[in-house]
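Residue-level listing of the chains:
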Amino acid sequence: MPSPTPARRSRRTLLRVTAPAAVAASLVLVPLPGAFAAPSTGAVIAEVYGGGGNSGATLKNDFIELGNPTGAAFGLSGFSVQYLPGSPGATTQWGVTPLNGSIPAGGRYLIAEAPGAGGTADLPAADASGSLALSATSGTVALVNGTAPLTCKTAADCAADPRIVDLVGFGTAVVREGSGPAAGASNSASVARGSSLADTDDNAKDFTAGDPTPVNSKGAGTGGNPGGGDGGTTPPVPGDVRIHDIQGTTRISPLNTKTVTNVPGIVTGVRGYGTKGFWIQDPNPDNNPATSEAVFVYTGSANPTVKVGDSVLVTAKVSEYYPNSSGGSQSVTELTGPKVTVLSSDNAVPAPVVLDAAKIPAGYAPDAAGGSIDNLPLDPSKYALDLYESLEGMNVEVRDVPVVQATDKYNELWVDAGSADPRTNRGGVVYLGYDKPNNGRIMIQSLPPLTQQPFPVANVGDRLTGSTAGPLDYNQFGGYTIAANTVGTVQDNGLKREVADRALPSELSIATYNVENLAPGDADAKYTELAQAVVTNLRSPDIVALEEIQDNSGAIDDGTVDASVTVQKFIDAVKAAGGPAYDWRSIDPVNDKDGGQPGGNIRQVFLFNPDRVSFTDIAGGDSTTAVDVTGTGKRTSLTASPGRIDPNNEAWASSRKPLVGQFSFHNKPVFVIANHFNSKGGDQGIDSRFQAPNRSSEVQRQKQAEVEHAFIAKLEAADPDARIVSLGDFNDYQFSPAMKTLTKGGVLRDLVNDLPASERYSYVYQGNSQVLDHILVSPAFKQQHVRYDVVHINSEFAVQASDHDPQVVRVKP
């Protein structure tokens, strides 16, 4: 796919790499305060705001908010909150505000402090009041068991004072906990803990800046209609903003960066791993099909404490999160830094929208000539990407759908909810052009812990029967994804691994196999599986070009470039599987110059069966010397064998250089080129917000194709009957500029194009069966003397030795 490299992915539990600055959720349960979870012990300072009444401030007063993460009320009689300026002098004293009453179990306690001259909004009814004039940008606040002023003025001295229950330094405060003070406080921003109120004694890590959100012990906050009009003694009521107002009719919320108050919704899904949070959906939708009725509430590092079916009100900041901004991903509209009120539980969730061929439009995305589609009006009846965006976060469902990418190690699989055509003979969907993305592909992930509902293991061609339903999410690795609360049952289609036809004695069999970062430290089982495939499924080819053979130290970047241990271990595994005693040739790369996994020094390697074919060794080949052509006609030869094609050309920067070898079969020379072109890293995804997406990596692959094409043209100019086989992982499609360049003028024929369209694939990515690996032959090999096959043993299966399928060609020279 034209997306971030369809090579290896390093993650995974949807770890959030970048996220908008956010304060995680605080939770008030109405009317069951004792039901709140207790992730930490004792009362803590939950939020500090010193900008009240300052220029640009909305609130008139400074405030300090306390939180109680425990399941019992926390008494405050005899306690105080105290304040010290950020850089105290010799005569600076701590200011004191005495407290009384208690913090409810799982609740908050609001202390109003000094007002300023500005501001337009009052605080909610405070539980206690003082006259401390906090700095907006720097200072220290302490919760103290006692009312006598503290005397400490350094972090170390304060840490030693047993009266201090909790302490928060912000801005440039010299008195603080941990690695540094909380950052970001200003006239318009407070610093606050996450929803779990976790206290790691590190202010910089525990607190995040955001819009001030004061809440008192009754659960009342600011803005909209926070309560019943009696200072917070009745439960809050919905504010004026609804979810469809937040989502709007484009990909970017019209309320982006704004704080919204008491937004109502029913919890439809909860994610307690990776990007933590929950989805809420309004059960009372508007009549505009372009506006989603659901939104994700991001709780930061804190585990969500709501559950599916809770009716909630959320006060939070609207933000747009780009899971993969460098790859041009779509944004996810989110509510960040939330404060959540649970009004009731066990409510019915809104019925799911069924995604099927009748619902998914034929068009994929609007064309913005490479520009962003973020601000284009959504047309869900015309474009699939617009449909999915219009359903962002909403409860959706697929029923009885074919699996088009097998379950992976991250417990994900892909289904096709549309009507993709053509399908492979084995049940996948074929990617046949940049304008044919197969609109119905959707990733399935599971929300419940796997101990409660094991994720199904499925291969391509199986069916996911029954209902699979949950919020429609978007993530950087798969685009639009059903975060499933319920997952259907797998109907096994009995997919089998293919076995190639045997080569005739008169045929030379040549295969290519990307063995996915094979290193000596890999488990013996991987070597055994790969070797068994060579022997059984590929029928022990005469020549095997291997890609991604790592050096003897694997991914340890210690300067090692020799790969003899890796190769010999593989050869031994082949022999143990009943295969031939292969010999081998390769050229070590320059350390760290050929890309791939850092330290691995991946390269191509020729294995050959000396009982069937001989290798013509010609001295002079090394990592930096370019191989050339000498002689003409039947005397045409390489200047070095093995050799590398123009290895110093900038086309091969941080990429593998083609390895060329001269073989002899039945006393006829055969030139074989093993390739591993530049990866797709840096390309914008097919589902990018930039349409059409920019496939920047194509530029280098096209240059690589031009260099190799020139070499092949020179070889064929010397001998028009030169028998040439170029094969390997070209990291590109049969219709790509690179492959068109490589075959320009008929110097080579890409054999995958000889297959029926339904069989053109060697790799499955984001649900699309596609071609990355190729075998190409020169005109000297007549079509009737060529038998070619992609041997499907990996890409369609949940259990795979590599992510690529190998290929084999049998030719009569």
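Residues numbered from 1 in each chain as written. Predicted model: local features only at pLDDT ≥ 70, side-chain atom pairs only at ≥ 80, totals over all residues. Heavy atoms only, no water.

**Observations regarding the sheet that holds strand β23 (residues 429-430)**
For step 1, the next point in the chain: Pairing in this open sheet of 3 strands is mixed, and the strands run β23-β42-β41 from one edge to the other. Edge positions in the sheet fall to β23 and β41 (763-765), since each of these pairs with one other strand and no more.
For step 2, the next point in the chain: Looking at chain direction, β23 and strand β42 (residues 768-770) are connected through 2 bridges and run parallel. Across the sheet, the residue bridging to Val430 is Ser769, located in β42. (Pairing = 2+ DSSP bridges. Helix = DSSP H or I, 4+ residues; strand = E, 2+ residues; numbered from the N terminus.)

**A few points about the packing of aromatic side chains**
For step 1, the next point in the chain: Per the stated rule, a full pass over the model turns up 16 aromatic pairs.
For step 2, the next point in the chain: An angle of 45° between the planes, with centres 5.4 Å apart, marks the rings of Tyr388 and Tyr480 as tilted. Here Tyr480 lies in strand β26 (residues 479-484) and Tyr388 lies in helix α4 (residues 384-390), a separation of 92 residues in the sequence. With respect to class, Tyr388 is no different from Tyr480; both count as buried.
For step 3, the next point in the chain: Residues Tyr434 and Tyr733 carry aromatic rings whose centres are separated by 6.0 Å and whose planes lie at 75° to one another, so their mutual orientation is edge-to-face. With Tyr434 in the loop between β23 and β24 (441-446) and Tyr733 in the loop between β39 (724-729) and α8 (737-742), this residue pair connects regions lying 299 residues apart in the sequence. (Phe/Tyr/Trp six-rings, centres within 6.5 Å; stacked < 30°, edge-to-face > 60°. Buried < 20%, exposed > 50% of the residue type's maximum accessible area, 1.4 Å probe, protein only.)

**A look at the pattern of salt bridges**
For step 1, the next point in the chain: In the structure shown here, the tally under the stated rule is 33 salt bridges.
For step 2, the next point in the chain: Through salt bridges with shared partners, a single ionic network connects Glu47, Glu65, Arg108 and Lys339. (Salt bridge = Lys/Arg side-chain N within 4 Å of Asp/Glu carboxyl O.)

**Section: the environment of Lys339**
For step 1, the next point in the chain: Residue position: Lys339 is located in strand β18 (residues 332-344).
For step 2, the next point in the chain: Between the alpha carbons of Lys339 and Thr299 there is a distance of 9.5 Å; along the sequence they are 40 residues apart.
For step 3, the next point in the chain: Among the polar contacts listed, one links the side chain of Lys339 to the side chain of Glu47, at a separation of 3.0 Å. (Polar contact = N/O pair within 3.5 Å; in protein donor to acceptor, adjacent residues only side chain to side chain.)

**Considerations on the confidence of the model for the protein**
For step 1, the next point in the chain: Summing up the model confidence of the protein, the mean pLDDT is 91 and the portion of residues at 70 or higher is 93%.
For step 2, the next point in the chain: Across residues 1-40, confidence stays below pLDDT 50; counting only partners more than four residues off in sequence or on other chains, it has 151 contacts.
For step 3, the next point in the chain: When the criterion is pLDDT under 50, residues 223-235 qualifies, and its contacts beyond four places in sequence or with other chains add up to 24 contacts. (pLDDT = per-residue confidence, 0-100. Contact = heavy atoms within 4.5 Å.)

**Some details on the pairing of strand β5 (residues 80-85)**
For step 1, the next point in the chain: Burial analysis of β5 places 5 of its 6 residues in the buried class, the great majority of the element.
For step 2, the next point in the chain: The pairing of β5 with strand β6 (residues 95-98) spans 4 bridges and is antiparallel. The partner of Val81 across the bridge, within β6, is Thr97.
For step 3, the next point in the chain: In the sheet, β5 pairs with strand β10 (residues 139-144) via 6 bridges, with the strands oriented antiparallel. What sits directly across from Val81, in β10, is Leu143.

**Points about the sheet that holds β10**
For step 1, the next point in the chain: The 4 strands lie next to each other as β6-β5-β10-β11, forming an open sheet whose pairing is antiparallel. The strands lining the two open edges of the sheet, one partner per strand, are β6 and β11 (164-170). Pairs of neighbouring strands in the sheet enclose a mean axial angle of 15°, with direction left out of account. (Axes fitted to C-alpha atoms, helices over the stretch in contact; angles between N-to-C directions.)

**So, helix α7 (residues 698-718)**
For step 1, the next point in the chain: When the terminal C-alpha atoms of α7 are compared, their 30 Å separation across 21 residues agrees well with the 30 Å that a helix rising 1.5 Å per residue should span.
For step 2, the next point in the chain: Listing the buried residues of α7 in full gives Glu698, Arg701, Gln704, Ala705, Val707, Glu708, His709, Phe711, Ile712, Leu715, Glu716 and Ala718.
For step 3, the next point in the chain: Of the surrounding elements, those touching the buried residues of α7 are β33 (629-630), β34 (637-638), β36 (659-665), β37 (668-676), β39 and α8. (Expected span 1.5 Å × (residues − 1).)

**Considering empty space enclosed by the protein**
For step 1, the next point in the chain: The tally for this structure, following the rule as stated, stands at 7 cavities of 30 Å³ or more.
For step 2, the next point in the chain: What the second largest cavity holds in volume is close to 90 Å³.
For step 3, the next point in the chain: Breaking the lining of the second largest cavity down by element, the ones donating at least two residues are α4 and β26.
For step 4, the next point in the chain: In terms of residue class, the lining of the second largest cavity is built from 6 nonpolar, 5 polar and 2 charged. (1 Å grid on protein atoms, 1.4 Å probe; cavity = no way out; pocket = protein on both sides within 12 Å on 5 of 7 lines; lining within 4 Å. Points joined across faces, edges and corners; volume = space filled by probe spheres on them. Nonpolar A, V, L, I, M, F, W, Y, C, P; charged D, E, K, R; others polar.)

**Regarding the nonpolar core**
For step 1, the next point in the chain: Core analysis: the largest hydrophobic core is formed by 38 residues, its most contacted members being Leu355, Tyr388, Leu391, Val398, Ile444 and Ile482.
For step 2, the next point in the chain: At the level of elements, α4, β21 (395-405), β22 (412-416), β24, β25 (463-475), β26 and β41 are the ones that each hand at least two residues to this core.
For step 3, the next point in the chain: Once residues within four sequence positions are removed from consideration, Leu391 is found in contact with Ser292, Val353, Leu355, Val396 and Leu472.
For step 4, the next point in the chain: With 29 residues, the next largest nonpolar core counts Val670, Ala674, Val786 and Val809 among its residues. (Core = buried A, V, L, I, M, F, W, Y, C linked by side-chain atoms within 4.5 Å.)

**Let's talk about the state of the cysteines**
For step 1, the next point in the chain: The tally for this structure, following the rule as stated, stands at 1 disulfide.
For step 2, the next point in the chain: The partner cysteine of Cys152 in its disulfide is Cys158, sulfur to sulfur 2.1 Å. On the S-S bond that ties Cys152 to Cys158, the torsion sits near 95°, and the link is right-handed. Accessibility classification places Cys152 together with Cys158 in one group, the buried group. (Disulfide = S-S within 2.5 Å.)

**Concerning the packing of helix α5 (residues 524-537) against helix α6 (residues 564-576)**
For step 1, the next point in the chain: It is at 8 Å that the axes of α5 and α6 come closest, and there the two elements cross at 60°. Here α6 runs oblique to α5, going by the angle between their axes. Crossing of α5 against α6: the hand is right-handed. Across from Asp524, Tyr527, Leu530, Ala531, Val534 and Val535 in α5, the residues of α6 making contact are Thr566, Lys569, Phe570, Ala573 and Val574.
For step 2, the next point in the chain: The class makeup of the residues in the contact of α5 with α6 is 8 nonpolar, 1 polar and 2 charged. (Parallel < 35°, antiparallel > 145°, perpendicular 65-115°, else oblique. Left-handed = near helix turned anticlockwise from the far one by under 90°.)

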